[in-house]
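This is what each chain is made of:
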2 protein chains.
Amino acid sequence: MLAVVLRITGTVPSVLLWRRAREPHEGRWALPGGRLGATEDVEASVRRHLAEKVDLAEVAHVEQLSVFSDPHRGPAPRRVATAFLGLVPSDADPAIPDDTAWHRVDALPPTAFDHGEITRVGLDRLRAKLSYTNIGFALAPDVFSISELRRLYAAALGHHVSATNLQRVLTRRGVLVPTGTTAAPGPAGGRPAALFRFSEHTLRVTDPFAALRPPSGAGAV
Amino acid sequence: MLAVVLRITGTVPSVLLWRRAREPHEGRWALPGGRLGATEDVEASVRRHLAEKVDLAEVAHVEQLSVFSDPHRGPAPRRVATAFLGLVPSDADPAIPDDTAWHRVDALPPTAFDHGEITRVGLDRLRAKLSYTNIGFALAPDVFSISELRRLYAAALGHHVSATNLQRVLTRRGVLVPTGTTAAPGPAGGRPAALFRFSEHTLRVTDPFAALRPPSGAGAV
DNA sequence: ACAAAAGTGTTCGATCTACACCCATGC
DNA sequence: GCATGGGTGTAGATCGAACACTTTTGT
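Everything numeric in this text was worked out from a predicted model, so none of it was measured. (Residues numbered from 1 in each chain as written. Chains lettered and ligands numbered in written order. Predicted model: local features only at pLDDT ≥ 70, side-chain atom pairs only at ≥ 80, totals over all residues. Heavy atoms only, no water.)

Section: the overall build of chain A
We count it as follows: Numbering goes from the N terminus for both helices and strands, where a helix is a DSSP run of H or I of at least four residues and a strand is a run of E of at least two. Methods summary: accessible areas were calculated by the Shrake-Rupley approach with a probe of 1.4 Å, and residue burial reflects only the protein chains presented. The sign given to each residue is positive for Lys and Arg and negative for Asp and Glu; His and the chain ends receive no count. Positions of charges follow a simple convention, taking NZ of Lys, CZ of Arg, CG of Asp or CD of Glu.
Looking only at helices and strands, chain A has four helices and nine strands in total. Ordering the α and β elements of chain A from the N terminus gives β-β-β-α-β-β-β-α-β-α-α-β-β. The principal-axis extents of the C-alpha atoms in chain A amount to approximately 55 × 55 × 30 Å. By element, 52% of the accessible surface of chain A is carried by carbon and sulfur atoms, the whole surface being about 10,500 Å². With 26 positive and 22 negative side-chain charges, chain A shows a separation of 6 Å between the mean positions of the two kinds.

Following this line, the structure appears as C-alpha cells:
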C-alpha cells in the first residue's frame, strides 16, 4: 500500500515523501504507506496510512494506480505494493509531521526502493487524465480564476497551456460553472477575473471517445 | 492473481471460465488464476497460472486491470486478487481442459465470488482502449480484411462500426498496413477484399491527447 | 493616458461521421 | 445482366489551437 500524493506548488507538482529513520534505506525519502489490514480493502488501507501524514480531508481524490511486485524491488522479505494516486488542492496546506515534506517532482531526492518510478507513474496518470476527465477539481481551490487554473494545468502538464482554450474546452464540456463573482485585481491593476467552480467534485470522463464513436442513433450493449 | 481472458466469438466477446470442482462455490464458473509465487512478479504469476488453461502463445496481449480486495468478496480467509486482462485473437482456437469453456459475456453463467464484476471491468477496459490505442492487434488474426476487422470491433464495442471509417481512422494513425494481397470472394461473389496487417503487435497509444495538446513547438518536461 | 490583466471573436486546420457512388467478382 | 460484397470520394459537423482585438481595472 503506497500513495503518490501530488499537489501543485508554484510551477511544478510536488510529491509527499517522508524520511526513513531506519534500515533498509535509512535516510532516504519514501512514499507514505503501510501494510494491508485484515478487515479493510486496499483503498481503505491506503487512506488509513495516509492519515498519519496528512489531513485526509485535504485529499480531494484517490485512485488506484498499479501493483508493483518485482521480487527484487526491495530487500527480502519480498513486498507487493498496490500504489495509489492522491491529489491535494493547491490552496490546501495541510499540517505534516517533521519527517515529512513536499518534494518537487523535477528534483526528487534519493528515494527508497522503486518509489521514484512509482511517483513517475502517478504523475503520468495525472497528466493523462487532465486531458479527458474533470480531474482538475482535485488540484484547484473550490473557487478560482481561469488564469489560476491555467497555471495549475501548465504546472501539472509541464507545458504551456492557453487560458483562452482551457476555458473554452472545459466550459463546452460542462466542467466549469461561473460563480458570477469576480476577484479583486492585483496591485498593478488589470481587469478583475471572473471566478469559476468545478461543476462536480467526483471523477467523470468528459471526452470518452477519441474515435470510433457509436453511431448517432445509439444504444449501448 | 486472476485473468479475464477475452476473445471475440461470433458477434459477442467471450470470456474463459473454468468450473469449480469443490467448495466454496462448487459448480460455479470462475476466472483462471492462482496464488503469487515467491520469486515471480504478478504478471509472471498470472501467465504461469494461465498456462494451465490455455496455450500462452495464443494470448496476444496481457495487461494489469485492478486490485480487488473487499474483505467480503469471498469466504474467509480473505483474498486479495490482482486482476489482468488477456486477449486471444479470433482465429486462434486453443485447446482447453475439460473443466474450461468460453462463455459469451452477454450471458454469463453464475460466477464464483466477484468474478462477474471483474469480467465487466476487463470488458470496459478493452472497449476504452479500442478507441485510442492499437489494441485491435490482439483480437484480429495476423492477416485480415477490413470487413472482418469491422466485425471484431463491432462485437467488442457492442455497437455498429462502419468499415469505411474504421479503415480510414486506423490507416491515418499508421496502425494498419496493406499486405497487397486479396482474399478470395465467397460463393455469392463480390469484390475480393484487400488484406491488411497491424503494423505493430505491442500496445501503443495512437490518440494520446483528446484535448489540451501541447503547443505546436513542443518539448516535454 | 497608459500599462496590465482578463476575456471575446474569428480563422484555420485536423479529424471523424455519414452517405452517395464506383469497382470487381460469381452466377 | 445483376446481385453481392468491397472500396473511394466528398460534404458536413465538431472540435481545438492560434492569434488578434476588445474590455476593465489601477496608477
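As for the relation of the copies chain A and chain B
Rules: Fitting of the copies onto one another was done by least squares over C-alpha atoms, counting residues only where both copies have pLDDT of at least 70. Contacts were defined at the residue level, with two residues in contact if any of their heavy atoms lie within 4.5 Å.
With an RMSD of 0.1 Å, the operation that places chain A on chain B is a rotation of 180° combined with a shift of 0.0 Å along the axis. The two molecules are tied by a two-fold rotation axis, judged by turn and shift. Residues of chain A ranked by C-alpha distance from the rotation axis are headed by Ala210(A), positioned 2.9 Å from it. Residue by residue, 97% of the interface of chain A is reproduced at the interface of chain B, so both copies engage with the same surface.

Comments concerning the UniProt feature "domain: Nudix hydrolase" (unreviewed entry) in chain A
Which entries qualify depends on this criterion: UniProt positions are given in the numbering used here, feature names are shortened, and annotations may be inferred rather than shown by experiment.
Annotation from UniProt places "domain: Nudix hydrolase" (unreviewed entry) at residues 1-145 of chain A. The span residues 1-145 of chain A is 19% helix and 28% strand, and its two end C-alpha atoms sit 36 Å from each other.

Here's the deal with the pattern of salt bridges
Residues and elements named next belong to chain A. What counts is decided by this rule: Whenever Lys or Arg places a side-chain nitrogen within 4 Å of a carboxyl oxygen from Asp or Glu, that contact is recorded as a salt bridge. Between buried and exposed lies partly exposed: a residue is buried under 20% and exposed over 50% of the maximum accessible area for its type, with that area taken using a 1.4 Å probe on protein chains only.
Inspection of the entire model under this criterion finds 24 salt bridges over all chains. For Lys53, the salt bridge identified is with Asp99, shortest N-O distance 3.4 Å. With Lys53 in the loop between α1 (42-50) and β4 (61-68) and Asp99 in the loop between β5 (81-87) and β6 (100-104), this residue pair connects regions lying 46 residues apart in the sequence. Residue Lys53 is classed as buried on the basis of its relative accessible area of 13%.

Considerations on helix α1 (residues 42-50) of chain B
This is how the line gets drawn: Within this analysis, the arc is defined by the directions that extend from the helix axis to the C-beta atoms.
Turning to α1(B), its buried residues are Val42(B), Ser45(B), Val46(B), His49(B) and Leu50(B). Each buried residue of α1(B) lies within a common arc of 135° when the element is viewed along its axis, so the set occupies one face. Where α1(B) is buried, its residues contact β4 of chain A together with β1 (2-9), β4 (61-68) and β5 (81-88) of chain B.

A short note on the sheet that holds strand β9 (residues 194-198) of chain A
All names here are of chain A. To keep things clear, this is the line we draw: Between any two strands, at least two bridges found by DSSP are needed for them to pair.
If you walk across this open sheet you meet the three strands as β7-β9-β8, and the pairing is antiparallel. Each of the sheet's edge strands pairs with one partner strand only, and the pair in question is β7 (144-145) and β8 (176-182). Here two bridges tie β7 to β9, and the two strands are oriented antiparallel to one another. Along β9, the bridge assignment pairs Ser145 with Leu195.

Digging into unusual backbone geometry
That bond from Glu23(A) to Pro24(A) is cis: its omega, -5°, falls within 30 degrees of zero. Backbone geometry at Phe113(B) places phi at a positive 50°, although glycine is not the residue there. For Phe113(B), the position within the fold is in the loop between β6 (100-104) and α2 (115-132). Taking the relative accessible area as the measure of exposure, Phe113(B) reaches 25% and is therefore partly exposed.

A few points about the environment of Tyr132(B)
Positionally, Tyr132(B) belongs in helix α2. As a C-alpha pair, Tyr132(B) and Phe209(B) span 77 residues in sequence and 9.3 Å in three-dimensional space. If near-sequence neighbours (up to four positions away) are discounted, Tyr132(B) is found in contact with Ala210(A), Arg173(B), Val205(B), Thr206(B) and Asp207(B).

So, the domain arrangement of chain A
Residue and element names in this part refer to chain A. This is how it is decided: An automatic or database domain assignment provides the domain bounds reported here. Here's the idea: put two parts together, see how much 1.4 Å probe accessible area each one loses, and the total over both is what we call buried area. For the purposes of these results, a polar contact is taken to be a pair of N or O atoms within 3.5 Å, where, inside protein, one atom must be able to donate a hydrogen and its partner to accept one; residues adjacent in sequence count only when each atom of the pair is a side-chain atom.
Taken domain by domain, chain A consists of domain 1 (2-130) and domain 2 (132-198). Relative to domain 2, the C-alpha centre of domain 1 lies at a distance of 27 Å. On the domain 2 side, the residues contacting the 19 residues of domain 1 number 16 residues. Carbon and sulfur atoms make up 66% of the area that domain 1 and domain 2 hide from each other, which totals about 1,600 Å². For the domain 1 face of the interface with domain 2, the top three residues by lost area are Ile8, Lys129 and Leu130, together amounting to 41%. Between domain 1 and domain 2 we count zero salt bridges in total. Linking domain 1 to domain 2 there are five residue pairs in polar contact (both at pLDDT 80 or more). Going through the elements one at a time, β2 (12-19), β4 and α2 (115-132) are the ones with two or more residues in the side of domain 1 that touches domain 2. Broken down by element, the residue count for the side of domain 1 that touches domain 2 peaks at six residues, all from α2.

Considerations on the interface of chain A and chain B
Of the residues lining the interface, 38 residues belong to chain A; the matching set on chain B comes to 37 residues. Buried surface at the junction of chain A and chain B, both sides included, amounts to about 2,700 Å², of which 59% is carbon and sulfur. Connecting chain A to chain B are 10 residue pairs in polar contact (both at pLDDT 80 or more). For the side of chain A that touches chain B, the elements supplying multiple residues, two or more each, are β4, α2, α3 (146-157) and α4 (163-172) of chain A. In terms of residue count, the dominant contributor to the side of chain A that touches chain B is α2(A) (four residues).

Some words on the side chain of His61(B)
All names here are of chain B. When you line up the elements, His61 lands in strand β4. Exposure remark for His61: the relative accessible area of 10% places this residue in the buried category. A polar atom in the side chain of His61 sits 2.9 Å from the side chain of Glu63. If sequence neighbours within four positions are ignored, His61 has contacts with Leu85, Gly86, Leu87, Ile135, Phe137, Ala138 and Leu203.

Quick word on the packing of helix α3 (residues 146-157) of chain B against helix α4 (residues 163-172) of chain B
Residues and elements named next belong to chain B. Quick note on the threshold: Note on geometry: axes are C-alpha line fits, over the in-contact stretch for helices, and angles between N-to-C directions span 0 to 180 degrees. Roughly parallel refers to an angle under 35 degrees, roughly antiparallel to one over 145, roughly perpendicular to one between 65 and 115, and oblique to any angle outside these ranges. Think of it as three bins: nonpolar holds Ala, Val, Leu, Ile, Met, Phe, Trp, Tyr, Cys and Pro, charged holds Asp, Glu, Lys and Arg, and polar takes everything else, Gly as well.
Following both chains from N to C, one finds α3 and α4 inclined at 95°, their axes separated by 9 Å at the closest point. Looking at the two axes, α3 sits roughly perpendicular to α4. Contacts from Ile146, Leu149, Arg150 and Tyr153 in α3 reach Ala163, Leu166, Gln167 and Leu170 in α4. Per-class residue counts for the contact of α3 with α4 are six nonpolar, one polar and one charged.

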